[in-house]
Amino acid sequence: MPSPKQNKRIIGIDPGTNYTGFGIIDTAGRSPRCVELGYIELVKFTDPYEKLRLIYKRVEALIREYKPDEAAFESPFFGENVQSMLKLGRAQGVAMSAALNNGLPVFEYAPRRIKQAITGQGAASKEQVAAMLKSLLKVEYRLPQKLDATDGLAVALCHHYETSSPINRLKTDSGRSGPAEALKSMMAKGKKTSWEQYLSGNPGRQIKK
């Protein structure tokens, strides 16, 4: 279970064998704050095991430097390329090991769930997620050439939403959670709410076309 501590520092990690993105947020105060974001560049290394070693060492270094309370990870996307899934699974495994070996509780979220939590749309693009993060966290940055950095930040913010907001903790019969699913659940129970009401109270969560 997530820590009951309200003021937490969360590290979010988007594992990859060419770029592993990370984002760190503080949840103290009224709004979460971006502490750091970036990515571990591995594309120039050809040895797959050297890449895994570097992922472990760099994630461990980030944990020791920023001292997060919890670590959240994006789970590998289940596509048709089995070899890609295997590589991503290994990258996620060593990053998780670095967190676990340093005493952090770890959490995992599917890519669609992360996009849903940040933008309200599970099919949002990486660019839409990055733009929404800029608005939500009130942070000024140029979109990275590689969006892995903002993907890592999205994982951290998704974890914050999922563990701190009562509406996101409501579960549907399918076992999913998030703003849309929670609102559907409440409407099915006859409660007075709607997606429009939710957006009116949370204007920053709507994607601008």
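These notes cover the structure that comes with them. Computed from a predicted structure; not experimentally measured.

**Quick word on the pairing of strand 4 (residues 70-74)**
- Counting buried residues in strand 4 gives five out of five residues, a clear majority hidden from the surface.
- Residues Glu-70, Ala-72 and Glu-74 of strand 4 are buried on one face, and the alternating residues Ala-71 and Phe-73, pointing to the opposite face, are buried as well.
- Taken together, the four bridges between strand 1 (residues 9-14) and strand 4 define a ladder with parallel strand orientation. Looking at strand 4, one finds that Ile-13 is bridged to Phe-73.
- Two elements, strand 4 and strand 5 (residues 106-109), share four bridges in a ladder whose sense is parallel. For Ala-71, the partnering residue across the bridge sits in strand 5 and is Val-106.

**Looking at helix 3 (residues 111-119)**
- Buried within helix 3 we find Pro-111, Ile-114, Gln-116, Ala-117, Ile-118 and Thr-119.
- Note on helix 3: the residue one or two positions beyond its end, Gly-120, has a positive phi of about 85 degrees.

**Considerations on the pattern of salt bridges**
- If you walk through the whole model with that rule in mind, you get seven salt bridges.
- Between Glu-162 and Arg-113 there is a salt bridge whose closest N-O contact spans 3.1 Å. Residue Glu-162 is found in helix 5 (residues 148-164), and its partner Arg-113 is found in helix 3; the two are separated by 49 residues along the sequence.
- One network of salt bridges, in which partners are shared, links Arg-9, Asp-26 and Arg-33.

**Thoughts on the pairing of strand 2 (residues 19-26)**
- Counting buried positions over the eight residues of strand 2 gives eight, a clear majority of the element.
- Burial of the side chains of strand 2 extends over both faces: Tyr-19, Gly-21, Gly-23 and Ile-25 are buried on one face and Thr-20, Phe-22, Ile-24 and Asp-26 on the other.
- Examined bridge by bridge, strand 1 and strand 2 share six bridges and lie antiparallel to one another. Each bridged residue has a counterpart across the sheet, and for Ile-10 the counterpart in strand 2 is Ile-25.
- With antiparallel pairing between neighbouring strands as the criterion, strand 1 and strand 2 make up a hairpin whose turn holds four residues.

What counts, and where the lines are drawn
Residues numbered from 1 in each chain as written. Predicted model: local features only at pLDDT ≥ 70, side-chain atom pairs only at ≥ 80, totals over all residues. Heavy atoms only, no water. Buried < 20%, exposed > 50% of the residue type's maximum accessible area, 1.4 Å probe, protein only. Helix = DSSP H or I, 4+ residues; strand = E, 2+ residues; numbered from the N terminus. Pairing = 2+ DSSP bridges. Salt bridge = Lys/Arg side-chain N within 4 Å of Asp/Glu carboxyl O.

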